[in-house]
Amino acid sequence: MRGGLLIAGTTSDAGKSTVAAGVCRWLARQGVRVAPFKAQNMSNNSMVCADGSEIGRAQWLQAVAAGAEPESAMNPVLLKPGSDRRSHVVLRGKPWGDLVAGDWAQGRRALAEAAYVALAELRERYDVVVCEGAGSPAEINLREGDYVNMGLARAAGLPVLLVGDIDRGGMLAAMAGTVALLDEADQAHLAAFLVNKFRGDAALLEPGLVTLSELTGRPVLGVLPWLPDVWLDSEDALAIARWDGHRRGAGTTLRVAAVRFPRISNATDLDPLAAEPGVAVTVTADPDVIAAADIAVLPGTRSTVEDLNWLRRRGIADAVLARAKAGRPVLGICGGYQMLAGTIHDDVESGAGTVDGLGLLPFTVRFSADKSLARPSGSWRGHDVTGYEIHHGVAQREPGAAEPFLDGLRSGSVWATMWHGVFENDGFRRAWLAEAAAQAGVAWEPAEAPGFAARREAMLDGLADAIETTVDTGALRALITGGVPGDLPRLRLGRV
């Protein structure tokens, strides 16, 4: 089996990443050598590959689903927003520079060329490449120079499967409208539809799908059900409030409140905590919630100094300081770790120069132009721990002033590490939660439950099972192997 497919969506968060992961696992279970690809990802959730390159978390997960080694070619361009108008660019896994809104048109040409080269490399080495689009292909204001959606489809000769989130409402109009807004050459590549997140009586939906196919001349390949137990690593922060129902335990509930920074990054650090029975995770910008929780977490951020200023303006910094003074647990991860320093020297990320940190741990931070990308390992309380590092800030600790904690520090109830992903280590996660719970005066104990990696694998298999049972897999296979159909009708606005 050889071929390719571009999975696009009617909107952001329509389920493109999840569907792509499911298709990758479905193909891999058939013995197909499959790789994921996203030409350009805009996300502050990223991962470090074995070769030290940085890619979007969603493409890393899709590679896991495919049974393929994650690599930079799978996400050649990663944009990490630092503000509303500026993004840090990661090209083939390494820092490339910054782009501001006014420079985008010129910079995009070089990035597009790199993306096309990366896709060609994957297609030479794999039987099938499952590509994921970005946003919506109907963003016609961005069509010129597009190399992620229809621009990629046309350049690489890929058929497009359009995914719609029916739980949002307006999905049928969004699907028909997407087709109608595209020009004739782009319409020729948009080959089929897939409904996502459906719950209810399928018979009520069927007449609408029939009419959609009649109007557009394109088939609906299937209706994926709402899968409440699937909450895979998100490429952005849109999904981090959807953990309800994954935290039930037999005993006392341990309440964890994480700060929702404006530029939160690697929010997937919180997923294993939310998956732990008896742990309730809230992501919040409310200082009262931070104050009341059993454990407070300062997660990663793409803009440490700017988000630290925001923390102070919101009154959250005062809540964190009060917690530390009262001996109640506070955990800082990466950017959150850096905020706990006495002093921060930043002429690189924010250009703010020297600023005061929260002063809760005895170290200083100095930002470097070089980015640290690594996959470290260590141990704590006899538990093996692996993680990954993505940061410009370098901690300079005062020798002997605090207890070591992984690569970071612990002083009383304040804990800090630069390592992401540490809570995916089951033994470490449960041991640390139990110690922090004891500090908080909560009688919480870990329950018997599957490990986090096992749960992720079960979710990926559940996705593949849903595709096998609710999608016309024969038609999907034909789309992947047959390329662009070539006989699809053209739609014009006003005639749909």
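Residue numbers here run from 1 along each chain, matching the order of that chain's written sequence. Only residues with pLDDT of at least 70 get local features here, since the model is predicted, and only at 80 or more are side-chain atom pairs given and counted; chain-wide, interface and lining totals rely on the full set of residues. Remark: hydrogens and water are excluded; side-chain values derive from all non-hydrogen atoms of the structure.

1. Some thoughts on unusual backbone geometry
Moving on, step 1. The backbone of Lys 197 sits at a positive phi, close to 65°, despite the residue not being glycine.
Moving on, step 2. Runs of E in the DSSP output that reach at least two residues are strands. Runs of H or I that reach at least four are helices, and both are numbered from the N terminus. If you trace the backbone, Lys 197 turns up in strand E11 (residues 190-198).
Moving on, step 3. For Leu 406, which is not glycine, the phi torsion reads 50° and is therefore positive.
Moving on, step 4. Checked against the element boundaries, Leu 406 lands in the loop between strand E25 (403-405) and strand E26 (408-411).
Moving on, step 5. For every residue, the accessible area obtained with a 1.4 Å probe (protein chains only) is divided by the maximum for its type, and the residue is called buried under 20%, exposed over 50%, and partly exposed between those limits. A relative accessible area of 17% means that Leu 406 is categorised as buried.

2. Thoughts on the environment of Phe 452
Moving on, step 1. Take Phe 452: it is sitting in helix H14 (residues 452-470).
Moving on, step 2. Counting along the chain gives 25 residues from Phe 452 to Gly 427, while the straight-line C-alpha distance between them is 10 Å.
Moving on, step 3. With residues up to four places along the chain from it excluded, the contact list for Phe 452 reads Trp 231, Asp 271, Pro 272, Ala 275, Glu 424, Asp 426 and Arg 429. Every residue pair with non-hydrogen atoms within 4.5 Å of one another is taken to be in contact.

3. A look at the sheet that holds strand E12 (residues 220-225)
Moving on, step 1. Pairing between two strands requires that DSSP report at least two bridges joining them. Within the open sheet, the 6 strands sit side by side as E2-E9-E1-E10-E11-E12. Their pairing is parallel. A strand with exactly one partner marks an edge of an open sheet, and here the two such strands are strand E2 (34-37) and E12. Taking each pair of neighbouring strands and ignoring which way they run, the sheet shows an average axis angle of 20°.
Moving on, step 2. Sheet topology note: the strand E10 (residues 160-165)/E11 ladder contains 6 bridges and is parallel. Across the sheet, residue Val 160 finds its bridge partner in E11, namely Leu 190.
Moving on, step 3. The axes are straight lines fitted to the C-alpha atoms, using for helices just the contacting stretch, and the angles between their N-to-C directions are given from 0 to 180°. Running at roughly 170° to strand E9 (residues 128-132), helix H1 (residues 16-28) makes contact with strand E1 (3-9), E2, E9, E10, E11 and E12 of the sheet.

4. Description of the pairing of strand E20 (residues 353-356)
Moving on, step 1. Where strand E19 (residues 343-346) and E20 come together, 4 bridges link them in antiparallel fashion. When the sheet's bridge partners are listed, Asp 346 is paired in E20 with Gly 353.
Moving on, step 2. Connecting E19 to the antiparallel partner E20 that follows it, the hairpin turn spans 6 residues, and Gly 351 within it adopts a positive phi of roughly 75°.

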